[in-house]
Amino acid sequence: MTKTARVYGGSLYDLAAEEKLDGQIMEQMIAVRQIFRENPGYLKLLGEPAIPEEERLKMIEEAFGGQAERYLVNFLKLLCERKILREFAGCCEEFIRRYNSAHGIAEAVVTSAVKLSETQMEALKAKLEKISGKQVYLIQKTDTSVIAGLRVELEGVQLDGTVQSRISGISKKTIQHMEQLCDSFDKNEIFGRSRVEEVTGLKNTRASLFLKELLERNIIQKVTGHGKGKYTFFIKE
């Protein structure tokens, strides 16, 4: 977030809070931000100097005038006039930060390899609210490089439950074999030593030692009800 976004977003929040419209305007800002994200060409058009300013302001009025609060519409026009409409996403971020701070809401960002279900999100939100003692505003992101777990940031503090946070000190060869498992198995798939041998090419004893190391580092966990020596990835929700 730039200093410009912080100043403008904070100023809009002060005005909205004074008028008791902060919650409503925040929801509308998030919706507008999403529109700009999904239509980058439209945002570029609104900032195109070749188009007369009066025409660009008219476009904003036509798009948002009948739906958004007048304060927000005028704010968009102000950014357009000052040629800083590209800062809107940062302004929205600052507005949300100020709103959450004023209402005792902790913002958390959860990153996982695949999108979490609504049930998983609710369970995680409940756990974070218990940890923080605050209501939690949870943002979900996906990153395929996150292996077997979640990366959670709560109010700027990282609570890392991913495999990456538990592989310090593991040999490159072991990491290579672990990546082979991740590429071959679904995150909830149950597997045994024979499948590990098949995927990695390790012999009996080496495969057993490999599994033991992953168990000790909480990268995999034992499962019951599927026969002896069965495992699955440790998914921290």
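See above for the structure.
Here is what the cut-offs are and how they apply
- Residues numbered from 1 in each chain as written.
- Predicted model: local features only at pLDDT ≥ 70, side-chain atom pairs only at ≥ 80, totals over all residues.
- Heavy atoms only, no water.
- Helix = DSSP H or I, 4+ residues; strand = E, 2+ residues; numbered from the N terminus.
- Buried < 20%, exposed > 50% of the residue type's maximum accessible area, 1.4 Å probe, protein only.
- Contact = heavy atoms within 4.5 Å.
- Areas by Shrake-Rupley, 256 points an atom, 1.4 Å probe, with all protein chains shown as cover.
- Patch = residues over 30% accessible without salt bridge, like charges linked within 9 Å, V, L, I, M, F, W, Y side chains within 5 Å.
- Salt bridge = Lys/Arg side-chain N within 4 Å of Asp/Glu carboxyl O.
- Expected span 1.5 Å × (residues − 1).

Q: Can you help me understand the overall build of the chain in this one?
A: The secondary structure content of the chain amounts to ten helices and seven strands. Expressed along its principal axes, the backbone C-alpha trace of the chain runs to roughly 75 × 45 × 30 Å. For the chain, buried positions account for 39% of its 237 residues. Within the chain, counting contacts between residues at least 6 apart in sequence, those at least 24 apart form 60% of the total. Accessible surface, the chain as shown: approximately 13,700 Å² in total, 49% of it carbon and sulfur.

Q: Would you mind going over a nonpolar patch on the surface with me for this structure?
A: Taken together, the side chains of Ile 131, Val 157 and Leu 159 make up a nonpolar region of the molecular surface, amounting to roughly 270 Å² of accessible area. Position of Val 157 relative to the elements: it lies in strand E4 (residues 157–160). Judged by relative accessible area, which is 49%, Val 157 ranks as partly exposed.

Q: Sorry, what's going on with helix H6 (residues 88–102) here?
A: Given 3.6 residues per turn, any residue in an α-helix points the same way as the ones three and four places further on. Its 15 residues place the ends of H6 21 Å apart at the C-alpha level, agreeing with the 21 Å of an ideal helix rising 1.5 Å per residue. Of the residues flanking the end of H6, it is Gly 104, one or two places downstream, whose phi is positive at about 65°.

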